[in-house]
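What follows is the residue order along each chain.
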Amino acid sequence: MKNTVKAGTLLLAGMLALSACGSSDETASASDGEAASASPSSAAALAVGQEQYTEAELLTAVEAVNAAEGGTGVVSDEAAFRQYLADQSLPEGIAITPAQCEEIAGFATFFGDVEQAHMASLRLGDDQKLTLVSHPDATVPDTQMRDNEDLLGDCVEFEMGDEEFTAAGTTERLDVSTEAPATQAFSLTLTAEGTTLSGVKVSAASGTTGIVVTNSNATDPEEAAAQAAELIDTVLAELQK
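Residues numbered from 1 in each chain as written. Predicted model: local features only at pLDDT ≥ 70, side-chain atom pairs only at ≥ 80, totals over all residues. Heavy atoms only, no water.

A. Geometry of the overall build of the protein chain. Across its full length, the protein chain holds 6 helices and 9 strands. Put simply, the protein chain has 241 residues, and 49% of those count as buried. Of the roughly 11100 Å² that the protein chain leaves accessible, carbon and sulfur atoms contribute 45%. (Helix = DSSP H or I, 4+ residues; strand = E, 2+ residues; numbered from the N terminus. Buried < 20%, exposed > 50% of the residue type's maximum accessible area, 1.4 Å probe, protein only. Areas by Shrake-Rupley, 256 points an atom, 1.4 Å probe, with all protein chains shown as cover.)

Dropping the structure here:
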């Protein structure tokens, strides 16, 4: 019984980290084929992300997406999301091995250096989260996409736990495309005591701007990734207006 409770705690912690639905107060196996990401186009050729967006512009896009999705989501402005990033951490004593896989399993380190970025986010239900991060230039999203690709190769399998109990984790690339010049998608699965939970992350980069959609309860990862890609395309359309 103790192990079952511990397993539940680990799985919940992992999925909450994935979805960025933690305690903050806010307003794979790698295939032999090519990765799902594409090289970003030059910023001059982009309809989205030629320049850094302001927080107000990002919030306008997020609020429009929320309205299109029924208007029941929770929008977070930049201050609220920065507070979340500052507060996020795994439960005390819980570690991920290899250590670098915390960047894949978690959420806060998925956007590159955000010190000068503008941000907005939208929580849709308990499981899905949309985040927009716009940087002063396109080098940050481009570098982050490459770093994420390297991590996926290193974190096909990982472990999450403490000295008493460990949950097994795996990642798998998913074949998804969006209207952005570069798109990455992968599923993350955690298994402990016979219980398995799966989540999905889909990220897209267009010039200065990164868009990330996570789903922490993806019973069908491919379908969840396709839905996330549609959400990203909706955001891109709003940013073009």
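B. Expanded view of the environment of valine 212. Along the chain, the position of valine 212 falls in strand β9 (residues 209-215). Looking at valine 212, the relative accessible area reads 4%, which means it is buried.

C. Structural detail: the state of the cysteines. In total, this model carries 1 disulfide according to the counting rule given. A disulfide bridge connects cysteine 101 with cysteine 155, and the sulfur atoms are separated by 2.0 Å. Because the torsion about its S-S bond is -100 degrees, the bridge between cysteine 101 and cysteine 155 counts as left-handed. Linking cysteine 101 in the loop between β2 (95-97) and α4 (102-105) with cysteine 155 in the loop between α5 (139-154) and β5 (157-161), this pair joins segments that are 54 residues apart in sequence. One exposure class covers both cysteine 101 and cysteine 155, and it is buried. (Disulfide = S-S within 2.5 Å.)

D. Spatial organisation of the sheet that holds strand β6 (residues 166-173). Across the sheet, 9 strands lie side by side as β1-β3-β4-β9-β8-β7-β6-β5-β2; this open sheet has antiparallel pairing. Each having just a single partner strand, β1 (74-76) and β2 make up the two edges of the open sheet. Ignoring strand direction, the axes of neighbouring strands in this sheet form an average angle of 20 degrees. (Pairing = 2+ DSSP bridges. Axes fitted to C-alpha atoms, helices over the stretch in contact; angles between N-to-C directions.)

E. Broad picture of a negative patch on the surface. Together, Glu102, Glu103, Asp147, Asp150 and Asp154 make up a region of like negative charge exposed at the surface. If you tally residues by element for the negative patch, the top one is α5, at 3 residues. Tracing the sequence through the fold places aspartate 147 in helix α5. (Patch = residues over 30% accessible without salt bridge, like charges linked within 9 Å, V, L, I, M, F, W, Y side chains within 5 Å. Salt bridge = Lys/Arg side-chain N within 4 Å of Asp/Glu carboxyl O. Lys, Arg positive; Asp, Glu negative; His and termini not counted. Charge placed at Lys NZ, Arg CZ, Asp CG, Glu CD.)

F. Representation of the pattern of salt bridges in the model. Applying the stated criterion to the full structure yields 4 salt bridges. Its salt-bridge partner being arginine 173, residue glutamate 149 comes within 2.6 Å of it at the nearest N-O pair. Of the two residues, glutamate 149 is situated in helix α5 and arginine 173 in strand β6; the sequence distance between them amounts to 24 residues. For the pair glutamate 149 and arginine 173, a shared accessibility class is recorded, and that class is buried. A salt bridge links glutamate 238 to lysine 241; its shortest N-O distance comes to 3.1 Å. Under the relative-accessibility criterion, glutamate 238 is labelled partly exposed at 21%. Overall, lysine 241 belongs to the exposed group, its relative accessible area being 76%.

G. Structural detail: the pairing of strand β8 (residues 195-206). In terms of residue burial, β8 counts as a mostly covered element, since 9 of its 12 residues are buried. Across 11 bridges, the pairing between strand β7 (residues 182-192) and β8 is antiparallel. Following the sheet pairing, alanine 185 is matched in β8 by valine 202. From the end of β7 to the start of β8, which pair antiparallel, there are 2 residues, and glutamate 193 there has a positive phi angle of about 50 degrees. Pairing geometry for β8 and β9, over 7 bridges, is antiparallel. The residue of β9 that forms the bridge with lysine 201 is threonine 214.

H. Representation of α5 in the model. The end-to-end C-alpha distance of α5, which contains 16 residues, comes to 23 Å, matching closely the 22 Å that a straight helix rising 1.5 Å per residue would cover. Among the residues of α5, Pro141, Gln144, Met145, Asn148, Glu149, Leu151 and Leu152 are the ones counted as buried. Angular distribution of buried residues about the axis of α5 spans 165 degrees; they occupy a single face of the element. Next to the buried residues of α5 lie α4, β6, β7, β8 and β9. (Expected span 1.5 Å × (residues − 1). Arc of directions from axis to C-beta. Contact = heavy atoms within 4.5 Å.)

I. Broad picture of the nonpolar core. Grouped together as the largest cluster of nonpolar side chains are 32 residues, with contacts concentrated most on Leu130, Leu132, Val202, Ile211 and Leu239. Put simply, the parts of the chain that give this core at least two residues each are α2 (55-68), β3 (118-124), β4 (128-134), β8, β9 and α6 (221-240). If one sorts the elements of this core by residue count, α6 sits on top with 9 residues. When sequence neighbours within four positions are dropped, the list of residues in contact with valine 202 reads Val176, Thr183, Gln184, Ala185, Ile211, Val212, Val213, Ala225, Ala228 and Ile232. Residues Ile96, Leu152, Cys155 and Phe186 belong to the second largest nonpolar core, which totals 14 residues. (Core = buried A, V, L, I, M, F, W, Y, C linked by side-chain atoms within 4.5 Å.)

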